[in-house]
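Observations on the three-dimensional arrangement
So the chains spell out like this:
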Amino acid sequence: MRPALGQDLGGDRAITREIDGTLLLAIIDVLGHGPQADGVARVAADFLANAPARSAEALLRSLDAELAGSVGAAAGIATLSPEPGRGSFAGIGNTVCKVLGDNNRTLVSADGVVGQRAGALRSTPIHVNKGETLLMHTDGISSRIDWPERFPEITHAEPELAAGEIIRRFGRPHDDAACIVARPAP
């Protein structure tokens, strides 16, 4: 994660945690930049850091209620069981979730703003096979990158290092950015 150029604080967050054997991966992109966006992002991250185990859709609905009345955010949440990497994805707004491998797949977020007008929400089944990579990011990184053509290291580099390199190389300087790269253990 990193704030926009010229800002000390930003509203984008990447949250990862394990809940009762299920991996929770979330990308948050609060509207705006700076201290106000950071404050809302902290609320969202704290909420997800302490939320009980639920489906991606249920977590996103609860986050929508938690952020009600705020400036709002885009959010994407994936939940994955460790074996065999099956779970669900739910998103609202302009976040990206892709599974990269032999058959690249993009999971689509619903229109709306978390905390303001969430709109119709549905979860999508997700399956990340061994050898595949899960990529989630905010709109501070271009969604038009041809992965892994432009960044082949994404499929084998250490996930945390790959996420940082994606932000460094493909992040938009005047927008906050957050990225998660994950893959099943070999």
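Residues numbered from 1 in each chain as written. Predicted model: local features only at pLDDT ≥ 70, side-chain atom pairs only at ≥ 80, totals over all residues. Heavy atoms only, no water.

1. Some thoughts on helix α3 (residues 159-170)
Spanning twelve residues, α3 covers 16 Å between terminal C-alpha atoms, matching the ideal 16 Å at 1.5 Å per step. For α3, the full list of buried residues reads P159, A162, A163, I166, I167 and F170. What you see down the axis of α3 is that its buried residues fit within an arc of 135 degrees, all on one side. Turned more than 90 degrees away from the buried face of α3 sit E160, L161 and R168, all of them exposed. Along its buried surface, α3 packs onto β8 (133-138) and β9 (179-182). (Helix = DSSP H or I, 4+ residues; strand = E, 2+ residues; numbered from the N terminus. Expected span 1.5 Å × (residues − 1). Buried < 20%, exposed > 50% of the residue type's maximum accessible area, 1.4 Å probe, protein only. Arc of directions from axis to C-beta. Contact = heavy atoms within 4.5 Å.)

2. Examining the sheet that holds strand β5 (residues 95-100)
Pairing is antiparallel in the open sheet, where four strands are placed in the order β6-β5-β8-β9. Two strands in the sheet have a free side with no partner beyond their single neighbour: β6 (105-107) and β9. Going across the sheet, the axis of each strand differs from the next one's by a mean of 15 degrees, ignoring polarity. In the sheet, β5 pairs with β6 via three bridges, with the strands oriented antiparallel. If you follow C97 over to β6, its bridge partner there is L107. Against the sheet, α3 contacts β8 and β9, and its axis sits at roughly 145 degrees relative to β9. (Pairing = 2+ DSSP bridges. Axes fitted to C-alpha atoms, helices over the stretch in contact; angles between N-to-C directions.)

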